[in-house]
Amino acid sequence: MSTAALHTDHHHDHGHHEHKESFISKYVFSMDHKMISKQFLITGIIMGIVGLVMSLLFRMQLAWPDEKFGFMEMLLGKWAQDGKLDPNFYMGLVTIHGTIMVFYVLTAGLSGTFSNLLIPLQVGARDMASPFMNMLSYWFFFLSSVVLLISVGVETGPASAGWTVYPPLSAMEKAMPGSGLGMTLWLVAIVLFIVSALLGGINYISTVLNMRTKGMSMNRMPLTIWAFFLTAVLGLLSFPVLLGAGLFLIFDRSFGTSFYLSDIYLEGVGAMENIGGSPVLYQHLFWFLGHPEVYIILMPALGITSEVISTNARKPIFGYTAMVISLMGISFLSFIVWGHHMFITGMNPFLGSVFMILTLIIAVPSAVKVFNYLTTLWRGNLRFTPAMLFSIGLVSFFISGGLTGIYLGNAALDIQLHDSYFVVAHFHLVMGSSAIFGMFAGIYHWYPRMYGRMLNNTLGQFHFWITFITAYLVFFPMHFMGLAGVPRRYYMFTLVKEFDVWMDVNKMMTIAAIVGGAAQLLFLWNFFYSMFRGKKSEQNPWQSNTLEWSAPVEHLHGNWPGAIPEVYRGPYEYSRPDREDDYFPQYVPDESDHAGTGGDGHKTAPKRKSTKKEEVAENVMFAAIKRVFGWS
Amino acid sequence: MNTKIASKKPKENYRIEPMRFNLVLMIIASCMLFAAFVSAYIVHMPDAAAKNTWTEFDLPVQFMYSAIVALISSVTIYLAYRSAKSDELMLNRVYLSATWLLGVVFCVLQYMGWLNMISRGLMPVNADPEDISASYVYAISLIHLLHVLGGIILLTVTLTKAFRYQVHKKELTLMKVTHTYWHFLGLLWIYLYLFLYFAG
Ligand code: HEM
Ligand SMILES: [Cu+2]
């Protein structure tokens, strides 16, 4: 079937049959987007393991503050003398954990992997617009990861001011141990990271806009591509601002300027001479990236979910256009809501209420997406593959975490909730768990495309259920702790009597975290074992419509051996009533329509009629909306 | 001479040359960086002024000269581009070299501008409260200068290629990229100069 799909008027002159690759050019300094995507994935997984282990270490401290753990001393040396975690190092662990998870795993690991793998393959391009820049993007990321990991090992400890590195802690070398070399290395790592993100993002945008194959109009792009594209736009517009914030921080730290510093008395040093700076300025600059960043993390996961849910429900995605518009709405709004992280900085209450209203409006496109996922699932022929389960998991976390966003978005409530465990609960559900689940969904779904083999299904199921349950066990109770006033980023709570009641909950959460962490071993085993021993996959194992499944898996520059296939329809034509197969790939022309009623050779497909199931879904949704708004 | 003109293998038909499009995106990213600086300046100024930690001072005259140099070099790079387009290779090299020289002059002028500020006691580091406004001028002009250094490297590459007969009517991509980027640098400095002039 796939040969029938190739159109031949498209000349190709790529060098893939001319040059031989060396080991270095194939596996190390590769310029092939598929290899670069694997490099991003593996690096992301390694960073993920580091971040996970760190979280287990500080969770153990929270659960058993008086206990001594011999293995900790072995692992951390002077940072855990007598097996007790050092308070400064606790802050360092929290900081590096956050940094790793937000930037290294869920930005580079997620966007880097799937944008690289899927953009050229799904839009029908031979590679990225600039393969060279793409390679640089990975190697900047790699360097950045190395620098960050080195920073954990330096004498004075890693950066410890939290992943947001607010000044003054981050702006003065002597503020605390972690403000020294560790902080400097953190800044170096982040600058390298930003360069990597920009190089990558520029390529993604340019490839999507300029290199789509014939027939692949914007409104036929899979939602994955829309998500990656808009994510890259967000990154392009917001990462430079973080760079600016970071440069000012570097100037303050190392050259003696006072952009962020004013009127500070430092123990052991005395009054600092810096005057006139504004620490709140840093917060503005940081959150101008920071809020878009959370969507940079989430949107690719949402895109992956759209694709996986539609494929595994054997139904067109409900409301393709609404999905695209929601993504656009979220992207746009995410630039004008950053103030909701700063309600208690003493901002003008009027400004606060503007940020509040804008923030709450984000709930609208978010809800549209959720309802569309649910209606796509409604009465589908659901296939509960691990990818599907993880996608549904994402929807679940997105709902339970998104709802608390609406609480936090209320300036008045946020005065109480800010910097409490409620915030930790909110973003670990809506961003942490959601996006990680989206990433897992992507890995399970496209593993056959990456490695030509299948992941083990049973292990995948176990992996999903254990991770899903433990994630809720770890993060859900945090809501109640936060409501009771337990603050985040504290080393231990034993000195506050009122918090004693949370001791058992803390233990339960830590145990759940350890179990959940252990479940990731199932995944790691599955991932690396299947690479060599997994069942060989078919060309299109999920009977999916999108273009990437028309290309052979083996390492091949230019993706398709012949001409690039042409595209004839949208990506979600599942279960068309006029077709025998329950899918209709984008690259199969209508002429070859062999089955069903419409197969009499007319050039344009008959306009798709909605199926019975969709009508039911639509009716249910409208009924629900009417009920909610009280129309009759 | 024709034999020396390297010819490129044909490529797929893209909507826009990827390299130029990537450049435009890079320029957008740079604009965001400077937008951040400019917004920080605007937000910081009234705040600091209220606490008497912000002085207004005259920008060094060298910065104005460098803006004029930027303007002239925009003309020369345009002429270089035009001569490459019409295959006047000798002229192309002359104009590229002129642009390169002007670029170096620009850097020297910026440096002299900083010396000028230092001679007036406006330090980059914060010894006096008023230096905050000076810090901004130093930081913004420094980051801009780094962009210019990037531009000079790009020019050097183009110039080398021009001497190897690799810049001509059929091989314009690099020339176009250099051309666009150089205009951006000039315009950006003129904008920054005017902004600092009127806001400070
Ligand atoms: C309905 C949508 C959402 C609303 C109204 C909302 C609102 C908020 C608010 C007001 C805060 C600040 C709380 C505080 O620090 O006091 C916050 C924190 C946060 N949100 Fe959301 N949010 C929403 C969705 C999301 C999504 C989708 C993500 C990520 C994908 C996300 C990630 C975060 C993170 C990471 C923080 C904490 C940052 C930190 O202080 O370290 N939020 N959210
Ligand atoms: Cu936010």
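Conventions used here
Each chain carries its own residue numbering, running from 1 in the written order of its sequence. Naming scheme: in the order in which they are written, chains are lettered from A and ligands are numbered from 1. Local features in this predicted model are restricted to residues whose pLDDT is 70 or higher, and side-chain atom pairs enter the listing and the counts only when it is 80 or higher, whereas totals over whole chains, interfaces and linings include all residues. Only heavy atoms go into the side-chain values, all of them from the structure, while hydrogens and water stay out. We call a residue near a molecule or strand whenever a single non-hydrogen atom of that residue lies within 4 Å of it. Contacts described as polar in this section are N or O atom pairs within 3.5 Å, which, within protein, must combine one atom able to donate a hydrogen with one able to accept it, while residues neighboring in sequence count only if both atoms come from side chains. Here the term charged refers only to Asp, Glu, Lys and Arg, the term nonpolar to Ala, Val, Leu, Ile, Met, Phe, Trp, Tyr, Cys and Pro, and the term polar to all other amino acids, Gly among them. For Na, K and Ca the donor cut-off is 3.2 Å, and for all other metals it is 2.8 Å, counting N, O and S atoms only; because water is absent from this set, sites may look incomplete. Counting from the N terminus, the helices are DSSP H or I runs at least four residues long and the strands are E runs at least two residues long. Only protein chains enter the accessibility calculation, which uses a 1.4 Å probe; a residue whose area is less than 20% of its type maximum is buried, one above 50% is exposed, and one in between is partly exposed. Throughout, a residue-residue contact means that at least one pair of heavy atoms, one from each residue, lies within 4.5 Å. Simply put, the buried area is the total loss of 1.4 Å probe accessible area from both parts when two parts are fitted together. By definition here, a salt bridge exists when the distance from a side-chain nitrogen of Lys or Arg to a carboxyl oxygen of Asp or Glu is within 4 Å. To define axes, lines are fitted to C-alpha atoms, for helices over the stretch in contact only, and angles between the resulting N-to-C directions are given on a 0 to 180 degree scale. Angles are sorted into four bins: roughly parallel if under 35 degrees, roughly antiparallel if over 145, roughly perpendicular if 65 to 115, and oblique for all others. When the near helix sits turned anticlockwise from the far one by under a right angle, the crossing is termed left-handed; a clockwise turn instead gives a right-handed crossing. Every residue gets a pLDDT, meaning the predictor's confidence in that residue, from 0 to 100.

## Topic: the site of ligand 1
Residue and element names in this part refer to chain A. Every one of the 21 residues lining ligand 1 counts as a neighbour, but Trp 163, Asp 414, His 418, His 426 and Arg 488 are closest to it. Between Trp 163 and ligand 1, the recorded distance is 2.9 Å, taken from a side-chain N or O atom to an oxygen atom. The contact in question runs from an oxygen atom of ligand 1 to an N or O atom on the side chain of Asp 414, over 2.5 Å. Class assignment for the residues of the shell around ligand 1 results in eleven nonpolar, eight polar and two charged.

## Observations concerning the coordination of the copper ion (ligand 2)
All names here are of chain A. Taken together, the protein ligands of the copper ion (ligand 2) are His 291 (ND1), His 340 (NE2) and His 341 (NE2), with distances of 1.9 to 2.0 Å. Mapping the donors of the copper ion (ligand 2) onto the primary sequence yields the spacing H-x48-H-H. Separating the copper ion (ligand 2) from the iron atom of ligand 1 is a gap of 4.5 Å. Remark: His 341 occurs in the loop between helix H10 (320-333) and helix H11 (349-361) and His 291 occurs in helix H9 (residues 279-313); sequence separation between them is 50 residues. For His 291, a relative accessible area of 6% puts it in the buried group.

## Observations concerning the environment of Thr311(A)
Residue and element names in this part refer to chain A. In this fold, Thr 311 is placed in helix H9. Note on Thr 311: relative accessible area 0%, which makes it buried. Residues Thr 311 and Phe 355, 44 residues apart in the sequence, show an inter-C-alpha distance of 38 Å. Excluding its chain neighbours within four sequence positions, the residues that come into contact with Thr 311 are His 445, Trp 542, Gln 543, Ser 544 and Tyr 574. A polar contact is formed between the side chain of Thr 311 and the side chain of Tyr 574, at a distance of 3.1 Å.

## Things to note about the interface of chain B and chain A
The parts lose accessible area when they come together, and the size of an interface is often stated as this lost area. Contact with chain B, which involves 33 residues of that partner, is made by 43 residues of chain A. For the pairing of chain B and chain A, the buried interface totals around 3200 Å² over both sides, and the portion due to carbon and sulfur atoms is 67%. The interface formed by chain B and chain A holds zero salt bridges in total. Put simply, chain B and chain A have two residue pairs in polar contact (both at pLDDT 80 or more) between them.

## Observations concerning the packing of H9(A) against helix H15 (residues 421-451) of chain A
Residues and elements named next belong to chain A. Contact geometry for H9 and H15: axes closest at 8 Å, N-to-C directions at 45 degrees. Relative to H15, H9 is oriented oblique. Regarding H9 and H15, the two cross each other, and that crossing is left-handed. In this structure, H9 uses Val 294, Ile 297, Leu 298, Ala 301, Ile 304, Glu 307, Val 308, Thr 311 and Asn 312 to contact H15, whose residues at the interface are Val 430, Met 431, Ser 434, Ala 435, Gly 438, Ala 441, Gly 442, His 445 and Trp 446. Along the lines of polarity and charge, the residues of the contact of H9 with H15 split into eleven nonpolar, six polar and one charged.

## Some remarks on unusual backbone geometry
Residues and elements named next belong to chain A. Cis rather than trans, the peptide bond between Pro 167 and Pro 168 has omega equal to 5 degrees. Along the chain, the position of Pro 168 falls in the loop between helix H6 (131-152) and helix H7 (181-210). Within the chain, Asp 82 stands out as a residue other than glycine whose phi angle is a positive 55 degrees. By the secondary structure assignment, Asp 82 is in the loop between helix H4 (70-76) and helix H5 (87-123).

## Section: the confidence of the model for chain A
All names here are of chain A. Of the residues in chain A, 90% reach a pLDDT of 70 or more, and the chain-wide mean stands at 90. Low pLDDT, under 50, characterises residues 1-18; the stretch is placed with 34 contacts to residues that sit more than four places away or in other chains. Contacts for the low-pLDDT stretch residues 593-609, under 50 throughout, to residues beyond four places or in other chains number 25 contacts.

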